[in-house]
Each structure stands twice: as structure tokens, then as C-alpha cells.
Amino acid sequence: MDVKIDSSWKSRLANEFNAPYFGQLTSFVRNAYTHHQIFPPAKLIFNAFDLCPFDKVKVVIIGQDPYHGLGQAHGLSFSVNEDIPLPPSLKNIYQEIRSDLGIQPLSHGNLERWAKQGVLLLNATLTVQANLAGSHQKKGWETFTDSAIKAVANEKEHVVFLLWGNYAQQKAQYIDNTKHLVLTAVHPSPLSAHRGFFGCKHFSQTNQYLTEHGLEPINWE
């Protein structure tokens, strides 16, 4: 696994890349790509970090693991390639943006436009086997991505963390909410969105907080 990752992250995560667990993780992932259909494409494993360098991070949205359907995952949580139908959770995210901000999100689900504005779209697990949700969990990815979350939480100020669902909310333990804004809600999945994701107004709250701290708000369209 050739680690191609933005230099601002490479330096901060150097200890992870050199740790024994990461060597084991690399062997597992290499073997998986050799013998199975794995998503995202290998060159996009670290896409979230490449599109959103450390110095630009203003918002962090944490997902669990990549979409496991053909052509969906491209290394950004909740995001899919432009020619792929919107997944149910992203449909609900767009619906909340519409009701919260009164704007119409784009018709496709590629969220690179958010990443380039400083939204780190981070899955806790960065790879998955086709049609097997969670298949690469507990192999070491979580240790790596937790370190990335801790780096943002410890080294930066005034970052908004959007923690949707129980899994993401476990990451709150790494974040000092006197330095950052932590917003929590149920997951935007159709199974739970009606229990508090709709109406959470996280997008307007994010922009209000960024503006109050002299930062450019995110264009969520």
C-alpha cells in the first residue's frame, strides 16, 4: 500500500505509519485488494486527507466505513461519484440542508466541493470488501483515523465536529468542547433520521460558529 497522502497529514500521522499495527494493517489491505473486490479504488483510500489538508480543516464529518456497492465509494464519507444515485443517508442530509438553509444542493452526491472548502469527510474505516459492510473494521483503521481526529482536536481551534449516530458520537471523548463546537444528532439513515436528524439545523449552526470565529462559512450547496 503506497501511502500517498497530503504532506500536512503525513507529518502529523508519521508515528501511525511507523507503528507495528499499521504494518499489519497494510499487509491485510494489500492482500484484500489482491484477492477480493475492495472499495474505494486503492489510489483513493486517503482521498479525504488529500482533498482537505490539515491546515484547511474547519469541519469534520465522521462516517463508519465506505459504501460497499460498485462505483459508490471514492474515499469521502457519505459521498458518492457523480454518476451514482444518491444513497438514502445523503438524500436525508440534502433534505436537512434544504430545510435548514433554504438552498438546493446539487443533484449529484459527489461532496468534493465540501472537502475543498475544509470539510474533512472521514470514515473511521477506510476500506471495505464489496457487498460486505463492516468487513474491514477492527483491523487497525480505527486507530489510524482516531489519531487524525485527535490531531485536529488537539492542534487546531474552532473546528466544528458533526457527530451523527452512536458510532460517531463515541469520538466526542477526543474533543475538547471548550475549544471546538461538537454537534450531535441521530444518524441520517432512513432508519433514524426522523428521530432528530431532521430539524437539527447543524448546517446553519456550523456556519454561524465559523463566522463568529472569523472563518469563512461553508457553501453547502
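Residues numbered from 1 in each chain as written. Predicted model: local features only at pLDDT ≥ 70, side-chain atom pairs only at ≥ 80, totals over all residues. Heavy atoms only, no water.

### Description of the overall build of the protein chain
For the record, the criterion: Secondary structure elements are defined from DSSP: runs of H or I of at least 4 residues count as helices, runs of E of at least 2 residues count as strands, and each element is numbered from the N terminus. As a reference, a globule follows 2.2 Å times the number of residues to the power 0.38, and the radius of gyration itself is taken over C-alpha atoms. Throughout this description, buried means an accessible area under 20% of the type-specific maximum (1.4 Å probe, protein chains only), exposed means over 50%, and partly exposed covers the range between. Any two residues whose heavy atoms approach within 4.5 Å are treated as being in contact. Accessible surface is estimated by sampling points in the Shrake-Rupley manner with a 1.4 Å probe; for residues, cover comes only from the protein chains shown. Two residue types count as positive, namely Lys and Arg, and two as negative, namely Asp and Glu; His and chain ends fall outside the count. Taken as the charge centre is NZ of Lys, CZ of Arg, CG of Asp or CD of Glu, depending on the residue.
Looking only at helices and strands, the protein chain features nine helices and six strands. In terms of C-alpha radius of gyration, the protein chain reaches 17 Å, essentially the compact-globule figure of 17 Å for 221 residues. The dimensions of the protein chain, computed from C-alpha atoms along their principal axes, are 45 × 35 × 25 Å. When the 221 residues of the protein chain are sorted by exposure, 54% land in the buried category. Long-range contacts, defined as pairs at least 24 residues apart, comprise 66% of the intrachain contacts of the protein chain with a sequence gap of at least 6. Accessible surface, the protein chain as shown: approximately 10,100 Å² in total, 48% of it carbon and sulfur. Charged side chains in the protein chain number 19 positive and 19 negative. The centres of these two groups are separated by 4 Å.

### Here's the deal with the packing of aromatic side chains
The criterion, for reference: Side-chain rings of Phe, Tyr and Trp (the six-membered ring for Trp) are treated as a pair once their centres are within 6.5 Å; stacked means planes under 30 degrees apart, edge-to-face means over 60, and tilted covers the remaining angles.
With the rule as written, the count across this model stands at 19 aromatic pairs. For the pair Trp9 and Phe49, a centre-to-centre distance of 4.8 Å together with 75° between the ring planes defines the contact as edge-to-face. With Trp9 in helix H1 (residues 7-12) and Phe49 in helix H4 (residues 47-51), the pair connects residues that are 40 residues apart, well separated along the chain. Among the residues examined, Trp9 registers a relative accessible area of 0% and is labelled buried. Judged by relative accessible area, which is 1%, Phe49 ranks as buried. Ring geometry for Phe17 versus Phe144: centroids 5.4 Å apart, planes at 45°, classification tilted. On the criterion of sequence distance, the pair formed by Phe17 in helix H2 (residues 14-17) and Phe144 in helix H7 (residues 141-155) is long-range, its members being 127 residues apart.

### What to know about the pairing of strand E2 (residues 59-63)
Let me state the cut-off plainly: By definition, two strands form a pair when at least two bridges between them are found by DSSP.
Counting buried positions along E2 yields five of five residues, so the element is predominantly enclosed. Of the two faces of E2, the one lined by Val59, Ile61 and Gly63 and the one lined by Val60 and Ile62 are each fully buried. Pairing analysis gives five bridges linking E2 to strand E3 (residues 119-123), with the strands arranged parallel. Across the sheet, Gly63 pairs through a bridge with Asn123, a residue of E3. Both E2 and strand E5 (residues 160-164) contribute to a ladder of three bridges, which runs parallel. Among the inter-strand pairings, Val60 is bridged to a residue of E5, identified as Phe161.

### Notes on the side chain of Ser147
Considering the arrangement of structural elements, one finds Ser147 in helix H7. Among all residues touching Ser147, those that are not within four sequence positions of it are Leu13 and Glu16.

### Details of the layout of surface pockets
Keep this limit in mind: A cavity here means a set of points on a 1 Å grid, drawn over the protein atoms and nothing else, where a 1.4 Å probe fits but cannot get out; a pocket is an open set with protein on both sides within 12 Å along at least five of seven lines, and a residue lines either one if it has an atom within 4 Å of a point. Grid points are joined across faces, edges and corners, and a volume is the space filled by probe spheres set on the points.
If you add up the space inside the largest pocket, you get close to 470 Å³. Taken together, 29 residues line the largest pocket, and the ones lying closest to its centre are Gln64, Asp65, Pro66, Tyr67 and His187. Going through the elements one at a time, helix H5 (88-101) and E3 are the ones with two or more residues in the lining of the largest pocket. With three residues, the single largest contributor to the lining of the largest pocket is E3.

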